[in-house]
Amino acid sequence: YNFMSKKPKLKKFLYKEAEFNLEFEDDTTLEMLLKRAVKQNLKTSRERLLERDGKKSFINLSMDCDTAQHDMDCGRVFGVEFLSYEEGADISIIENDMDSDTVDVTALSATAGKEFVEGSVYFCVCGNKLVVTQSAALRTNHLEAYLNWLFTKSGIFQEGDGQY
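Quick caveat, the model's predicted, so the values are computed rather than measured. (Residues numbered from 1 in each chain as written. Predicted model: local features only at pLDDT ≥ 70, side-chain atom pairs only at ≥ 80, totals over all residues. Heavy atoms only, no water.)

Caption draft 1: Broad picture of the overall build of the chain. What the chain contains, in helices and strands, is 2 helices and 8 strands. For the chain, the α and β elements follow one another from N to C terminus as β-α-β-β-β-β-β-β-β-α. Here the chain holds 164 residues, and the buried ones make up 34% of them. Summarising the internal contacts of the chain: among those between residues at least 6 apart in sequence, 59% fall at separations of at least 24. About 11300 Å² of surface is accessible on the chain, with carbon and sulfur atoms providing 49% of the total. (Helix = DSSP H or I, 4+ residues; strand = E, 2+ residues; numbered from the N terminus. Buried < 20%, exposed > 50% of the residue type's maximum accessible area, 1.4 Å probe, protein only. Contact = heavy atoms within 4.5 Å. Areas by Shrake-Rupley, 256 points an atom, 1.4 Å probe, with all protein chains shown as cover.)

Caption draft 2: The packing of helix α1 (residues 30-39) against helix α2 (residues 140-153), seen in detail. Packing of α1 against α2 brings their axes to within 9 Å, and their N-to-C directions diverge by 55 degrees. Judged on the interaxial angle alone, α2 and α1 are oblique. By crossing handedness, the relation of α1 to α2 is classed as left-handed. The segment α1 lies against α2, with Leu30, Leu33, Leu34 and Ala37 engaging Leu147, Leu150 and Phe151. Within the contact of α1 with α2, the residues separate by chemical class into 7 nonpolar, no polar and no charged. (Axes fitted to C-alpha atoms, helices over the stretch in contact; angles between N-to-C directions. Parallel < 35°, antiparallel > 145°, perpendicular 65-115°, else oblique. Left-handed = near helix turned anticlockwise from the far one by under 90°. Nonpolar A, V, L, I, M, F, W, Y, C, P; charged D, E, K, R; others polar.)

These figures come from the coordinates and say nothing about function on their own.
Given below as structure tokens:
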């Protein structure tokens, strides 16, 4: 077995469909709510930042494209990164010297104004349908909690609503 091989890591894609505990007057979808939340005074990632337990998370808008241009039949797709980090956190690195009797472990700090990403969830939304890939540190339940917070902060949901 070769520990040094660079085999690609396999990622699982999850398919989910959003359901709401609220009644909307029209055919409101998760995609519509997400776009509305971002447009309502939440244009910068700093305004979309949620801090919980010393960790910060936010969404980073990746793409908004018409799939008809790509011979697909599902309308528009809204692609989003959901990222988290812990401010000032270090990561441990090792010196990979196979001839050494010991392995040196050191802490690496991010440069000024930068942070290490703790976890990421990448997802695409088309209507109420989501395709999601998650990391070990950031899961779909974190995304759900964040979206409920984002929709409440942007005034789409009210405190105590049944939510998403």
